[in-house]
2 protein chains.
Amino acid sequence: MTTAHTSPPWRHWRHVVKLDPARQITDEVVQAIAASGTDAVFLGGTQDITYENTNTLLGRLRRHAPQLPLWQEVSASDAVVDGVDGYCIPIVLNTTDPHWLIGAHAQAIEKFGPWIDWSKVLVEGYLVLNPDAAVAQLTGANTALTPQAAASYAAAAEALFSMPVLYVEYSGTFGDPALLAEVARTARRAHIFYGGGIDSYEKAATMAQHADTLIIGNALYTANWQQVLHDTIRAVK
Amino acid sequence: MTTAHTSPPWRHWRHVVKLDPARQITDEVVQAIAASGTDAVFLGGTQDITYENTNTLLGRLRRHAPQLPLWQEVSASDAVVDGVDGYCIPIVLNTTDPHWLIGAHAQAIEKFGPWIDWSKVLVEGYLVLNPDAAVAQLTGANTALTPQAAASYAAAAEALFSMPVLYVEYSGTFGDPALLAEVARTARRAHIFYGGGIDSYEKAATMAQHADTLIIGNALYTANWQQVLHDTIRAVK
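Computed from a prediction, not measured in an experiment: that's the story for all the values here.

Q: Explain the sheet that holds strand β4 (residues 86-92) of chain A residue by residue, including any values.
A: Residue and element names in this part refer to chain A. Ordered in space as β1-β2-β3-β4-β5-β6-β7-β8, the eight strands form a closed barrel in which the pairing is parallel. Across the sheet, the mean angle from the axis of one strand to that of its neighbour is 30 degrees, orientation sign disregarded. Sheet topology places strand β7 (residues 191-195) next to strand β8 (residues 213-216); three bridges connect them, and they run parallel. Pairing of Y194 across the sheet is with L214, part of β8. Lying over the sheet, helix α8 (residues 225-236) contacts β1 (15-19) and β8, oriented at roughly 150 degrees with respect to β1.

Q: Residues and numbers for the UniProt feature "binding site: sn-glycerol 1-phosphate" (unreviewed entry) in chain A, please.
A: Residue and element names in this part refer to chain A. Taken from the UniProt record, the annotation "binding site: sn-glycerol 1-phosphate" (unreviewed entry) applies to K18, Y167, V168, E169, Y170, S171, G172, G197, G217 and N218. Within the secondary structure, S171 sits in the loop between β6 (165-169) and α6 (177-186). In this structure S171 touches N130, A133, G195, G196 and N218, once residues within four positions along its chain are discounted. Overall, the relative accessible area of 57% leaves G172 in the exposed class. Dropping the residues within four chain positions of it, G172 is found in contact with N130, G196 and N218.

Q: Can you explain the interface of chain B and chain A? Please cite residues and give values.
A: On the side of chain A, 29 residues touch chain B, which itself brings 29 residues to the contact. The contact between chain B and chain A buries some 2400 Å² in all, and 78% of this surface belongs to carbon and sulfur atoms. The three residues of chain B that bury the most area against chain A are I102, L160 and F161 of chain B, which together make up 30% of that side's buried surface. Every element with two or more residues in the side of chain B that touches chain A is listed here: β4 (86-92), α3 (103-112) and α5 (147-161) of chain B. The greatest single-element share of the side of chain B that touches chain A, amounting to ten residues, is contributed by α5 of chain B.

Q: Quick one: what's the story with the packing of helix α3 (residues 103-112) of chain A against α5 of chain B, residue by residue and with numbers?
A: Packing of α3 of chain A against α5 of chain B leaves a shortest axis separation of 8 Å and a crossing angle of 110 degrees. What the angle tells us is that α3 of chain A and α5 of chain B run roughly perpendicular. α3 of chain A and α5 of chain B meet at a crossing whose hand is right-handed. Between α3 of chain A, through H105, A106, I109 and E110 of chain A, and α5 of chain B, the contact on the second element is made entirely by Q148, A149, S152, Y153, A155, A156 and L160 of chain B. Its residues placed into classes, the contact of α3 of chain A with α5 of chain B shows seven nonpolar, three polar and one charged.

Q: How would you sum up the pattern of salt bridges? Please name residues and give values.
A: Under the criterion given, the structure shown has 16 salt bridges over all chains. We note a salt bridge from K237 of chain B to D39 of chain B, for which the minimum N-O separation is 2.7 Å. One end of the pair, K237 of chain B, is in the segment after α8 (225-236); the other, D39 of chain B, is in the loop between α1 (27-36) and β2 (40-43), and 198 residues separate them in sequence. Residue class for D39 of chain B comes out buried when judged on its relative accessible area of 16%. Through salt bridges with shared partners, a single ionic network connects K18, E73 and E169 of chain A.

Q: Explain the relation of the copies chain B and chain A to me, using residue names and the numbers behind them.
A: Rotating chain B by 180 degrees about the axis while translating it 0.0 Å along that axis superimposes it on chain A, leaving an RMSD of 0.0 Å. Taken together, the rotation angle and the small translation identify this as a two-fold axis. Minimal C-alpha distance to the rotation axis in chain B is attained by F161 of chain B, lying at 2.1 Å. The fraction of interface residues of chain B whose copies in chain A are also interface residues reaches 100%, indicating that both copies meet through the same surface.

Cut-offs used in this document
- Residues numbered from 1 in each chain as written.
- Chains lettered and ligands numbered in written order.
- Predicted model: local features only at pLDDT ≥ 70, side-chain atom pairs only at ≥ 80, totals over all residues.
- Heavy atoms only, no water.
- Pairing = 2+ DSSP bridges.
- Helix = DSSP H or I, 4+ residues; strand = E, 2+ residues; numbered from the N terminus.
- Axes fitted to C-alpha atoms, helices over the stretch in contact; angles between N-to-C directions.
- Contact = heavy atoms within 4.5 Å.
- UniProt positions renumbered as here; feature names shortened; annotations may be inferred.
- Buried < 20%, exposed > 50% of the residue type's maximum accessible area, 1.4 Å probe, protein only.
- Buried area = accessible area lost by both parts, 1.4 Å probe.
- Parallel < 35°, antiparallel > 145°, perpendicular 65-115°, else oblique.
- Left-handed = near helix turned anticlockwise from the far one by under 90°.
- Nonpolar A, V, L, I, M, F, W, Y, C, P; charged D, E, K, R; others polar.
- Salt bridge = Lys/Arg side-chain N within 4 Å of Asp/Glu carboxyl O.
- Least-squares fit on C-alpha atoms with pLDDT ≥ 70 in both.

Quick look at the structure:
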């Protein structure tokens, strides 16, 4: 007898592909993702995300990857679509603007509260750490954190906000393994997502030592996507 | 057989006295509080709170009110004292500065993390609503909230941050019962604290219709303290 059925699905994810509804991707890549062995696909991005482009991408994924869990990472409440398996709600822990900690969320709840199915929601406590990334600029993230300061945000998110997931996000660049290690060491129950610059077996293996789940995004939009998919899966499985 | 022993003590509080370590109070008042029937005393304030004045007040309360639960509401990490029954940690939901949502907390954790006994910690999600109060000015609180907007913060605090307590704080003035009612109606599991301007039976009875716990503070520093204590206890018990 196992208790696996009581544990939420994301607890078992080791490898997740993040696709940006505002970017172009071919059917060939979508089919390869479906066959790759990845555990789930996130639909999300920072800029130009709409209901239309999210729904279009969702439809293509449902057609080509009917078995894969598909989750929307919600960045704009008017882009929320039906028919995904769940919703990731980002909270930016190291923002300088409370809008990205609670303000936007409170506004969305005021507008859509009664229609939200909270049983499908996964709250992610983000540490946004690449100062050049669009998400860092949008949210005014304080990216200049020591490993200890990052871990303290993680501890606060866990102890004060009971956050189930901490997401160490270097979107667009490969991060500091020592910082990720310190966050993972500090976390007690939280599940650790890592995203940023994973485009090889070595980088995936390095970060997979500390993170529970690796998120592969930008590298799938390069000519090298096939190799990236193959090598990063191999590194975590 | 009851399950009361598994429920945290604050779930049963109906009436709490908040004493400010930076303000003077006579032994007569402290003794009357001990005998009043109040459920607990919070030690806390916004300005000039130090380890010394908190510890001095704690000693006097321990002497005159040995049976009463004494909790420190932590506003400055260097004023934290030993020997209280628990610690309330305020999170200001409607602040304009993330320092009061997570920044100060992360800093305190970075400094004191290993020494914190989390089993003694109660996280309070504050809505700071009197623009003239010191706490509103210190934290840059956005006090101009409709009942619906306030309730949306409360819902976000509960759904995203799993906050066990929502604290509707009008410190120094009597608040809007309709706003409190809307927050209480929206909350699903969270326990509701109300504080602000409670100095009579009528005001206590009005807010006790919506709040689970009333916090009585400033009115105990007036000439009328005896009546306030008597009448507010009577209104909730």
